[in-house]
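Residue-level structural notes
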Amino acid sequence: MLTVVLSILAGLLVLNVIIQTAGLIAILPLLERSPPFAVEPTAPAPAAERVSFRTPDGVTLHASLHMPLDGQPTGTVIFCPELGGDHWSATWYCRALMEAGFAVLAFDFRNQGQSEKMPGYVPIHWLTEYEVTDTLAAIQYVKERADLNELPIGLFGISRGGSAALVAAARSPDIQRVACEGVFSISTMSLHYTLRWASLYHPAWIMKLYPMWHIRSTLAMARWISQRRRGCRYIVLENWVRKLTGRPVLVVVDGRDTYVLPDITESLFQYFPQMTTQRWTVRGAKHNMAREVDANEFDRRIVEFFSQMTARREETTPGSSGRVRGSRPVAVTGSLSKRLSS
């Protein structure tokens, strides 16, 4: 009897290995194939200051700093572009913030745009530790600039850049608010497309035989193998957004997105802090194109969101070893102040 049981278990184990191996062979090419994003180039802004800074692992990142022309900025927003974009795209996405008196620092991730290329790394659409390291380096750069280090800091990212902004905000207490559009996680996205493609090649009754834990474990194994092959470490977004408790988040959902389907983004909301997360669904927008659909409302919401950051004052008091921190709401300046008050 024991021999029969062991034989059955051994047979099931061999069958499981065969099924998972076949699944990995099918999944890995899809996992590592980056979608053909059509990112329109943006013209450089002559008035912007060209700056650069280094990451802790020695990669030089290039950026542009947009300062208000009519006085001291009321806050700093760090802009994280999408895959295939560059720091000049901030002149489109952050135009209203610049007009409203914010300083905007936009940078290129490593191996993208004008930033230094790290040998052996080919970025694709999945978020890795490299992009988060780059975002944290941008935060450190802002903290070390004498003309910015006393201002409140927010993060604003598009697509993969938005995911990097969310994770960096979860790791940095210096970030007060974070806004993003078109964000997705490797976990939910890969699961969605695995089920979608599998249903095209397998009958429904076969798909029902696969327990969900088996599919998830195969995907986790595929991510691990892909990391080893590509020399990077993927980040599961759900593990980090839950740590944003107390920090307001604005998530723009593109209602006609055919890549990051609205349902994929919606599935992430169960992990966001419920009391401090705002969502805005733009029904006619394709991937990362909410501002194309409704520029006025996009600008109004972004400026209103970051205008609620508080300006910090830090000063050392006599006889104390620490600092006393006060705060006051930032004042919106420029042409959008009338629009916000209307």
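None of these values were measured; they are calculated from a predicted model. (Residues numbered from 1 in each chain as written. Predicted model: local features only at pLDDT ≥ 70, side-chain atom pairs only at ≥ 80, totals over all residues. Heavy atoms only, no water.)

**Some words on the packing of aromatic side chains**
This structure, assessed with the given rule, holds 14 aromatic pairs. Arranged with centres 5.8 Å apart and planes meeting at 25°, the rings of F79 and Y93 form a pair that is stacked. Here the residue F79 occupies a position in strand β3 (residues 76-80), and Y93 occupies one in helix α2 (residues 90-93), the gap between them amounting to 14 residues. Under the relative-accessibility criterion, F79 is labelled buried at 0%. Using a relative accessible area of 8% as the deciding quantity, one classes Y93 as buried. Here the aromatic rings of Y193 and Y259 are separated by 6.2 Å at their centres, their planes lie at 20°, and the arrangement is stacked. Taken together, the residues span a long stretch of sequence, with Y193 in helix α6 (residues 186-201) and Y259 in the loop between β7 (249-254) and α10 (262-268) at a distance of 66 residues. Residue Y259 is classed as buried on the basis of its relative accessible area, which comes to 15%. Clustering of aromatic rings is evident, with ring pairs tying together F79, Y93, F156, W280, F298, F305 and F306. (Phe/Tyr/Trp six-rings, centres within 6.5 Å; stacked < 30°, edge-to-face > 60°. Helix = DSSP H or I, 4+ residues; strand = E, 2+ residues; numbered from the N terminus. Buried < 20%, exposed > 50% of the residue type's maximum accessible area, 1.4 Å probe, protein only.)

**Examining helix α8 (residues 212-230)**
The end-to-end C-alpha distance of α8 is 27 Å, a good match for the 27 Å that 19 residues give at a rise of 1.5 Å each. Listed as buried for α8 are H214, I215, T218, L219, A222, R223, S226, Q227 and R230. The positive-phi residue at the C-terminal boundary of α8 is G231, with phi of around 65°. (Expected span 1.5 Å × (residues − 1).)

**Looking at the nonpolar core**
Membership of the largest hydrophobic core comes to 65 residues, with the highest contact counts inside it found for F53, L105, F107, L155 and L166. Residues contacting F107, with those up to four places away along its chain left out, are F53, L61, H62, A63, I78, F79, C80, P81, H87, D134, T135 and A138. Core analysis: the second largest hydrophobic core is formed by 27 residues, M98, V104, F298 and I302 among them. (Core = buried A, V, L, I, M, F, W, Y, C linked by side-chain atoms within 4.5 Å. Contact = heavy atoms within 4.5 Å.)

**Points about empty space enclosed by the protein**
Regions of empty space are outlined by a rolling probe, equal in size to a water molecule, passed over the atoms. Applying the stated criterion across every chain yields a total of two cavities of 30 Å³ or more. In this structure, the largest cavity encloses a volume near 60 Å³. As for the largest cavity, its lining consists of H125, W126, L127, R160, S163, F184, S185, I186, I235 and L237. Split by residue class, the lining of the largest cavity holds six nonpolar, three polar and one charged. Counted as a void, the second largest cavity has a volume near 30 Å³. Every residue lining the second largest cavity is listed: G182, V252, V253, D254, D257, V260, L261, P262 and T265. (1 Å grid on protein atoms, 1.4 Å probe; cavity = no way out; pocket = protein on both sides within 12 Å on 5 of 7 lines; lining within 4 Å. Points joined across faces, edges and corners; volume = space filled by probe spheres on them. Nonpolar A, V, L, I, M, F, W, Y, C, P; charged D, E, K, R; others polar.)

**Regarding helix α12 (residues 295-306)**
The first and last C-alpha atoms of α12 sit 17 Å apart over twelve residues, in line with the 16 Å expected at 1.5 Å per residue. All of the buried residues along α12 are E297, F298, D299, I302, V303, F305 and F306.

**Here's the deal with unusual backbone geometry**
Here the phi dihedral of S159 falls at roughly 55°; this positive angle occurs in a residue that is not glycine. Relative to the helices and strands, S159 resides in the loop between β5 (153-158) and α5 (160-171). You will see that N288, though not glycine, has its phi angle at about 65°, which is positive. Along the chain, N288 turns up in the loop between β8 (277-282) and α11 (290-293).

**Details of the layout of surface pockets**
If you add up the space inside the largest pocket, you get close to 570 Å³. A38, V39, E40, E82 and H287 are, among the 21 residues lining the largest pocket, the residues nearest its centre. The residue inventory of the lining of the largest pocket, partitioned by class, reads eight nonpolar, seven polar and six charged.

**Some words on the packing of helix α4 (residues 129-144) against α5**
The interhelical angle for the contact between α4 and α5, taken along N-to-C directions, is 65°, at an axis separation of 9 Å. Crossing handedness for the pair α4 and α5: right-handed. Contact residues: E129, E131, V132, T135, L136 and I139 in α4; R160, A164, V167, A168 and R171 in α5. Its residues placed into classes, the contact of α4 with α5 shows six nonpolar, one polar and four charged. (Axes fitted to C-alpha atoms, helices over the stretch in contact; angles between N-to-C directions. Left-handed = near helix turned anticlockwise from the far one by under 90°.)

**A word on the pattern of salt bridges**
Tallied over the full model, the rule gives 13 salt bridges. When the shortest N-O distance is used, the salt bridge between R229 and E32 registers 2.6 Å. Of this pair, R229 sits in helix α8 while E32 sits in the loop between α1 (2-31) and β1 (49-54); the two residues are 197 residues apart in sequence, bridging distant segments of the chain. What makes E32 partly exposed here is its relative accessible area of 22%. We note a salt bridge from R279 to E266, for which the minimum N-O separation is 2.3 Å. On the criterion of sequence distance, the pair formed by R279 in strand β8 and E266 in helix α10 is long-range, its members being 13 residues apart. A relative accessible area of 42% means that R279 is categorised as partly exposed. The class for E266 is partly exposed, based on a relative accessible area of 29%. Via salt bridges that share partners, E297, R300, R301 and E304 belong to a single interconnected network. (Salt bridge = Lys/Arg side-chain N within 4 Å of Asp/Glu carboxyl O.)

**Observations concerning the sheet that holds β7**
Strands sit in the order β1-β2-β4-β3-β5-β6-β7-β8 across an open sheet of eight strands; the sheet is mixed. The sheet terminates laterally at β1 and β8, the two strands that pair on one side only. Recorded for the sheet is a direction-independent mean angle of 20° between the axes of neighbouring strands. Of the strand pairs in this sheet, β3 and β5 are connected by five bridges, and their pairing is parallel. Its bridge partner being in β5, I78 is matched across the sheet by L155. Sitting on the sheet, α4 is in contact with β1, β2 (60-66), β3, β4 (103-107), β5 and β6 (175-181), with an inclination near 115° to β1. Contacts from α12 reach β3, β5, β6, β7 and β8, with the element oriented near 160° to β6. (Pairing = 2+ DSSP bridges.)

Interpretation note: all reported values are geometric properties and have no functional meaning in isolation.
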